[in-house]
Amino acid sequence: MKRPFQLNTHISAKYNQELEALKHSVLTMGGLLEQQMVNTLIAIEEKIPNLAERVSLNDAKIDAMEHQVEQECMRIIATRNPAASDLRLVMTVVKVATDLERIGDEIVRINRLIQSNGMPNSEFLLAGLLDIGNRIVNLMRGTLDAFARQDEKAAVIAHKQDADIDRVYKKLLEQTAEEIKSHPEDIYMWMDVLWSVRSFERIGDRCKSICEYVFFLNSGKNRKKISTKKNLKRLLKNG
Amino acid sequence: MLKLFEREVIAVDELSLSQTGIDVRDLSVELNDKRVLNEINIRIPKHKITALIGQSGCGKTTLLSSFNRMNELNRRHKTTGEVWINERNIYNKRENLAALRSRVGMVFQRPNPFPMSIYENVCFGLKIKGETSRRVLDDAVENALEQAALWSEVRDRLFDSALTLSGGQQQRLMIARALALSPQILLLDEPTSALDPLTTLHIEELINQLKKNCTIVIVTHNMQQAARVSDYAAFLHQGELIEFADSDSLFTLPAKQQTEDYITGRYG
């Protein structure tokens, strides 16, 4: 059974507000993360360790927000006994908050590269990191947008972007391996690079999971096993 | 730090006197030589909804009815202690009981409309108080019915017998009857136990609206209802007040093991 998901139709106006606030809370969290990511890219491009440090310190805010969201979900489950779509929303919000918090941690990891002053002076690396970073920002934006509107089509489109990110990630890995081979004395420096490239890729995966929750939220079905290609075709066909 | 959820909850032990609607001090009640309430001390917050929960026979209803001295309808009762409402101990010898009960309204488990018209039911209290002006009565009836979310359903048949209304409507009529007297405090004794879930939600929503003007105390067996509707909750067990806290804490992290056992269904 498929019905448009509506939050504002409960008899209890307070319950409506609580669910709205809950959904809004993860979007606020996502917005802050997006800003963190953009700042990280600026710090990488212009090599500003101070900015990277500030981004790392900001992560405490994200952690606190995740804690608040969890508390609120617990409170709503205990006091409201949400059922059906409301229950799915609460469960999804818990999972999204966890994923967002992890994205925050990955961003901190990326920033360590700049803070440690160990970033190798390499054209391809800078270009590669900015490329994957910008793709990640787009993916994050698309994912949060899909979640906010509970738009399955937007979720599939965002989901698909992760494949490009994986491709860029692999290319960066290969190039890094080449660099390590030719300059084995700098291996520690390049290992830091590997970690941060890996962090970018992980953020992509987290966003992908959030896109999958959009399906779960709307239909109650887990779309993980269904290929996105099939999904995309189906959704685009249905308009 | 950014706060994602705006909620102002004052902890029960931080309630000031001006935030207290009913201040109960060392209240003990004996009915038929049996001690039903044992030295209860509780401060019911003003303009909030407080739920009393506990097993049958733990003293919830007795505590509720001691707030407007309804217990005294039982001849073999004995009450000691004080209940302060509006800086006045209602257990003083010169308290005007009729006036007290018009300030502290009560709605019972089963709707008990008088066998009169809907209109007469709502303005009954006002008439007893001596109000005769038709205009005042009309306004009061419309106001009370509107507040009780019943006006739109009965406006065309105000002079039909109240007994023709459905159970949910009758219960809302009872709330309207209590509201017509503009009470400061509204006591609800299981107001929805005989109603279907959706009507229950409507009445709960109504209760939530009413707290702007009234302090509300609700007795309920339905724990979920207590959790949904109340701002504060008190757990009673065998005449003792075990725990009193804001509902968010009581239903997510109760301080006492007994409360935890009760709300998680582990008792007995």
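Fair warning: this is a prediction, and the values are worked out from it, not measured in the lab.

Thoughts on the overall build of chain B
1) Next: Scanning chain B from N- to C-terminus turns up 10 helices and nine strands.
2) Next: Seen along its three principal axes, the alpha-carbon backbone of chain B occupies a region of about 55 × 50 × 40 Å.
3) Next: Considering only contacts within chain B whose residues lie at least 6 apart along the sequence, 69% involve residues at least 24 apart.

As for the sheet that holds strand β2 (residues 34-45) of chain B
Residues and elements named next belong to chain B.
1) Next: The strand order β2-β1-β4 describes an open sheet built from three strands, whose pairing is antiparallel. Two strands bound the open sheet, and with one partner strand each, they are β2 and β4 (77-85). On average, each strand axis in the sheet is inclined to that of its neighbour by 5 degrees, with strand direction left out of account.
2) Next: Alignment of strand β1 (residues 20-31) against β2, held across eight bridges, turns out to be antiparallel.

Observations concerning the pairing of strand β8 (residues 232-237) of chain B
All names here are of chain B.
1) Next: Among the six residues that make up β8, five are buried, leaving the element largely enclosed by the rest of the structure.
2) Next: Relative to β8, strand β3 (residues 49-53) is paired through four bridges, and the arrangement is parallel. Considered in β8, the bridge of Ile-53 is made with Phe-235.
3) Next: Here β8 runs beside strand β9 (residues 240-246); their pairing, made up of six bridges, is antiparallel. Bridge pairing in β9 links Tyr-232 to Asp-246.
4) Next: Between β8 and β9, which follow one another and run antiparallel, lie two residues, and Gln-238 among them has a positive phi close to 45 degrees.

A look at the interface of chain B and chain A
1) Next: Counting residues at the interface gives 16 residues for chain B, matched by 19 residues for chain A.
2) Next: Elements with a minimum of two residues in the side of chain B that touches chain A: α7 (197-210), α8 (223-229) and α9 (247-252) of chain B.
3) Next: The biggest single contributor to the side of chain B that touches chain A is α7(B), with five residues.

Some thoughts on the nonpolar core
1) Next: Leu52(B), Ala144(B), Ala176(B), Ala180(B), Ile216(B), Ile218(B) and Ala233(B) are the most contacted members of the largest nonpolar core, which totals 72 residues.
2) Next: Setting aside residues no more than four positions away along its own chain, Ile216(B) makes contact with Ile49(B), Leu186(B), Leu188(B), Ile207(B), Leu210(B) and Lys211(B).
3) Next: Counting 57 residues, the second largest nonpolar core, distinct from the first, contains Val55(A), Ile103(A), Tyr169(A) and Leu172(A).

With respect to the packing of helix α4 (residues 123-149) of chain A against helix α6 (residues 187-219) of chain A
When two helices pack together, their arrangement is given by the angle between the helix axes and the distance between those axes.
Residues and elements named next belong to chain A.
1) Next: Two elements in contact, α4 and α6, have axes whose closest approach is 9 Å; the angle formed by their N-to-C orientations is 15 degrees. Judged by the inter-axis angle, α4 sits roughly parallel to α6. Considering the relative orientation of α4 and α6, their crossing is left-handed. Counted together, Leu-125, Ile-132, Gly-133, Ile-136, Leu-139, Met-140, Thr-143, Ala-146 and Phe-147 of α4 and Val-193, Phe-200, Ile-203, Gly-204, Cys-207, Ile-210, Cys-211 and Val-214 of α6 form the full contact between these two elements.
2) Next: Its residues assigned to classes, the contact of α4 with α6 comprises 14 nonpolar, three polar and no charged.

Thoughts on helix α6 (residues 167-179) of chain B
All names here are of chain B.
1) Next: Taking 1.5 Å as the rise per residue, α6 with 13 residues should run 18 Å; its terminal C-alpha atoms sit 18 Å apart, in good agreement.
2) Next: For α6, a buried count of 12 out of 13 residues is recorded, marking the element as mostly surrounded by other parts of the structure.
3) Next: Within the span of α6, buried status applies to Gly-168, Gln-169, Gln-170, Gln-171, Arg-172, Leu-173, Met-174, Ile-175, Ala-176, Arg-177, Ala-178 and Leu-179.
4) Next: Buried residues along α6 sit against β5 (104-107), α3 (118-128), α4 (134-147), α5 (151-154), β6 (185-189) and α7.

Description of the packing of α4(A) against helix α5 (residues 152-182) of chain A
All names here are of chain A.
1) Next: Packing of α4 against α5 leaves a shortest axis separation of 9 Å and a crossing angle of 165 degrees. If you check the angle between α4 and α5, you find them roughly antiparallel. In this structure, α4 meets α5 at a crossing whose hand is left-handed.
2) Next: Within the contact of α4 with α5, the residues separate by chemical class into 13 nonpolar, six polar and six charged.

Examining the confidence of the model for chain A
Low-confidence regions, as indicated by low pLDDT, have predicted coordinates that should not be scrutinised in detail.
1) Next: Taken over all residues, the pLDDT of chain A has a mean of 88, while the share at 70 or more is 91%.
2) Next: Ranking the elements of chain A by mean pLDDT puts helix α7 (residues 228-238) of chain A last with 64 and helix α2 (residues 49-80) of chain A first with 94.

Quick look at the confidence of the model for chain B
Residue and element names in this part refer to chain B.
1) Next: Per-residue confidence for chain B gives a mean pLDDT of 90, with 99% of residues at or over 70.
2) Next: Across chain B, the secondary-structure element scoring lowest on mean pLDDT is α7, at 88, and the one scoring highest is strand β7 (residues 215-219), at 96.
3) Next: Here the predicted complex carries an ipTM of 0.77, next to a pTM of 0.83.

A look at the environment of Phe244(B)
All names here are of chain B.
1) Next: Locating Phe-244 in the fold gives a position in strand β9.
2) Next: In the structure, Phe-244 is positioned 219 residues away from Arg-25 in sequence and 14 Å away in space, judged by C-alpha atoms.
3) Next: Among residues more than four places away in sequence, those in contact with Phe-244 are Val-12, Ile-42 and Ala-234.

About the cut-offs
- Within every chain, residues take consecutive numbers counted from 1 along the sequence as written.
- Numbering of ligands from 1 and lettering of chains from A proceed in the order in which they are written.
- Only residues with pLDDT of at least 70 are given local features in this predicted model, and only at 80 or more are side-chain atom pairs given and counted; all residues enter the totals for whole chains, interfaces and linings.
- Each helix corresponds to a stretch of at least 4 residues labelled H or I by DSSP, and each strand to a stretch of at least 2 residues labelled E; elements are numbered beginning at the N terminus.
- Any pair of residues counts as being in contact when their C-beta atoms, constructed from backbone geometry, are within 7 Å of one another.
- Two strands pair if DSSP finds at least two bridges between them.
- Note on definitions: angles span 0 to 180 degrees between N-to-C directions of axes, and those axes are lines fitted to C-alpha atoms, for helices only across the stretch in contact.
- Here the C-beta atoms are placed from the backbone, and a residue counts as buried if at least 20 other C-beta atoms lie within 10 Å of its own, exposed if 12 or fewer do, and partly exposed otherwise.
- To define a nonpolar core, we join buried Ala, Val, Leu, Ile, Met, Phe, Trp, Tyr and Cys residues through C-beta atoms within 7 Å and take the resulting set.
- Roughly parallel here means an angle under 35 degrees, roughly antiparallel means over 145, roughly perpendicular means 65 to 115, and every remaining angle is called oblique.
- Helix crossings get a hand from a simple test, with the near helix turned counterclockwise from the far one by less than a right angle marking a left-handed crossing and a clockwise turn marking a right-handed one.
- All residues other than Ala, Val, Leu, Ile, Met, Phe, Trp, Tyr, Cys, Pro, Asp, Glu, Lys and Arg, Gly among them, are scored as polar; the first ten of these are nonpolar and the last four charged.
- One less than the residue count of a helix, multiplied by 1.5 Å, gives the span that helix is expected to have.
- What pLDDT expresses is the predictor's confidence in each residue, scored from 0 to 100.

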